[in-house]
Amino acid sequence: MEFAELPMKFETVVAGGCRSYIIGCEETCAAALIDPDLSQIDRYLALAAKDGLRIRYLVDTHTHADHFSATQQLARQLGVPVVMHDASPAPFVDLRLRGGELLIVGRLRLRAIHTPGHTRDSMCLCVEDRVFTGDTLLIGGTGRTDLPSGDAGALYDSLFEGVLTLDPTTKVFPAHEYKGRSHSTIGQELTDNPRLQKRDRGAFIEMMQNLNLTMPTHVTEALRTNMSGGKTVAQMLSEAAAAVPFMSLVELKACLEPRKDGLIVLDVRERDAIEEGHIPGAQLLPRGQLELRVNDELADPTRRILVYCEFGRVSTLATATLRQMGFRGAVALDGGMKAWRDAGYAVREGKEP
Ligand SMILES: [Fe+2]
């Protein structure tokens with residue numbers, strides 16, 4: 001088969017074993033971003049800018065169970081649609097493709113093939129000389145079929161009657177690759193991929209059902225956030241951290257001897273933790289009671305309030321809450337009681353007088 005040689009720009013972004021791709025039309029500067037990962041948002045935007053591309057579509061090849069999709073956040077940021085297969089359970093999908101339908105990206109045409117099996121909503125996208133296979137077909141492997149909505153028989157049909165019938169020279173770009181290979185071809189997969197050597201449907205299903213794979217890490221959180229559009233714990237923490245200033249342990253120590261500027265040191269852990277050891281002079285206001293007790297405990301919203309907890313995460317959330325409530329002087333400790341203790345700084349046990 002002859003491929004029309006349209007000039008295109010292409011970027012692969014590697015994040016652990018996950019792969020995302022930016023494919024753009026050089027002539028019009030329009031691009032699609034395929035399977036973006038939440039941890040790589042700045043990288044995608046920087047790469048698109050470097051290549052002179054504008055991202056017009058955010059595509060997930062399926063509901064991911066092993067990483068956090070960035071489609072929804074990027075859609076908000078860029079004002080462009082989230083694209084998934086029609087069978088996607090996610091309510092925030094703007095454009096639902098069915099098999100055979102095209103996504104127009106400048107002069108490029110991305111053609112969807114519905115490939116259920118790894119998940120019910122899996123699709124592959126063909127464009128020019130390549131196919132983005134999501135987790136349907138990996139280099140030397142296939143997606144697993146033991147996660148929610150997986151179906152080994154459906155995967156067999158999607159592979160042998162679908163994606164593997166593409167021209168053998170078609171380049172394969174999967175959503176995962178663990179050995180650093182950039183891509184393969186349909187022909188190479190047909191001959192070399194051990195999972196594809198079971199050409200009998202029953203034998204393929206039996207093989208897939210007996211893989212006994214371990215669950216991916218964060219599977220519960222990934223499915224929750226990718227299916228609902230809700231936020232991850234890391235997102236909640238990074239949004240809070242972006243909205244507050246921090247104080248170092250060294251600076252806090254200096255502020256305490258002698259106590260300057262009427263600094264309030266607020267311990268947001270529970271009472272038993274504070275009695276085991278706290279920063280001398282700290283005031284107790286557990287995170288769980290913060291909003292309800294703040295009017296009684298913190299009368300002056302202009303005071304400088306240094307907030308700490310055990311590790312520095314809960315205090316970041318608490319500081320963001322205080323600032324939202326108008327405590328403009330709220331600052332989070334960079335680190336927590338553990339780091340303070342490890343640094344050998346003064347610790348007081350029991351209650352504050
Ligand atoms: Fe997947």
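For clarity, every value in this text was computed on a predicted model and none was experimentally measured. (Residues numbered from 1 in each chain as written. Predicted model: local features only at pLDDT ≥ 70, side-chain atom pairs only at ≥ 80, totals over all residues. Heavy atoms only, no water.)

*Asks:* Would you mind going over the packing of helix H10 (residues 290–297) against helix H11 (residues 314–324) with me for this structure?
*Replies:* Relative orientation and spacing of two packed helices are given, respectively, by the angle between their axes and the distance between those axes. Direction vectors running N to C along H10 and H11 enclose 60°, while the axes themselves pass 11 Å from each other. Between H10 and H11, the angle falls in the class oblique. Of the two elements, H10 crosses H11, and the hand of that crossing is right-handed. For the pair formed by H10 and H11, the contact residues are Leu290, Glu291 and Val294 on the first element and Ala318, Thr321 and Leu322 on the second. Here the residues of the contact of H10 with H11 are counted per class, giving four nonpolar, one polar and one charged. (Axes fitted to C-alpha atoms, helices over the stretch in contact; angles between N-to-C directions. Helix = DSSP H or I, 4+ residues; strand = E, 2+ residues; numbered from the N terminus. Parallel < 35°, antiparallel > 145°, perpendicular 65-115°, else oblique. Left-handed = near helix turned anticlockwise from the far one by under 90°. Contact = heavy atoms within 4.5 Å. Nonpolar A, V, L, I, M, F, W, Y, C, P; charged D, E, K, R; others polar.)

*Asks:* Even after reading the chapter, I still don't get the pattern of salt bridges, so can you show me in this structure?
*Replies:* Side chains that differ in charge, positive against negative, can pair when their charged atoms come close. Scanning all chains against the criterion turns up 17 salt bridges. The partner of Arg144 in a salt bridge is Asp146, and the shortest N-O contact between them spans 2.7 Å. On the accessibility criterion, Arg144 (14% relative accessible area) is buried. With its nearest N and O atoms 2.8 Å apart, the salt bridge here joins Glu310 to Arg269. Here Glu310 is found in the loop between strand S18 (305–308) and H11, whereas its partner Arg269 is found in the loop between strand S16 (264–267) and helix H9 (271–276), with 41 residues between them in sequence. Taking relative accessible area as the criterion, Arg269 reaches 8% and is therefore assigned buried. (Salt bridge = Lys/Arg side-chain N within 4 Å of Asp/Glu carboxyl O. Buried < 20%, exposed > 50% of the residue type's maximum accessible area, 1.4 Å probe, protein only.)

*Asks:* Would you take a moment to explain the sheet that holds strand S9 (residues 123–127) for this structure?
*Replies:* The pairing of strands in a sheet comes from backbone hydrogen bonds and takes either a parallel or an antiparallel form. Spatially, the six strands line up as an open sheet ordered S7-S8-S9-S10-S13-S14, and their pairing is mixed. A single partner strand is all that each edge strand has here, and the edge strands are strand S7 (102–105) and strand S14 (184–185). Across four bridges, strand S10 (residues 130–134) lies against strand S13 (residues 171–174) in parallel orientation. Bridge assignment links Arg130 to a residue of S13, and that residue is Lys171. (Pairing = 2+ DSSP bridges.)

*Asks:* Would you mind showing me how to read H11 here?
*Replies:* Side chains that are three or four residues apart share a direction in an α-helix, a result of its 3.6 residues per turn. Among all positions in H11, only Ser315, Thr316, Ala318, Thr319, Ala320, Thr321 and Leu322 are buried. At the exit of H11 stands Gly326, carrying a positive phi of roughly 105°.

*Asks:* Could you clarify how one ought to interpret a negative patch on the surface in this entry?
*Replies:* On the surface, Glu270, Asp272, Glu276 and Glu349 cluster together into a negatively charged patch. Inspection of the secondary structure assignment puts Asp272 in helix H9. (Patch = residues over 30% accessible without salt bridge, like charges linked within 9 Å, V, L, I, M, F, W, Y side chains within 5 Å. Areas by Shrake-Rupley, 256 points an atom, 1.4 Å probe, with all protein chains shown as cover. Lys, Arg positive; Asp, Glu negative; His and termini not counted. Charge placed at Lys NZ, Arg CZ, Asp CG, Glu CD.)

*Asks:* Can you walk me through the sheet that holds S16 in this structure?
*Replies:* The five strands lie next to each other as S15-S19-S18-S16-S17, forming an open sheet whose pairing is parallel. Pairing within the sheet leaves two strands with one partner each, and these edge strands are strand S15 (246–247) and strand S17 (283–284).

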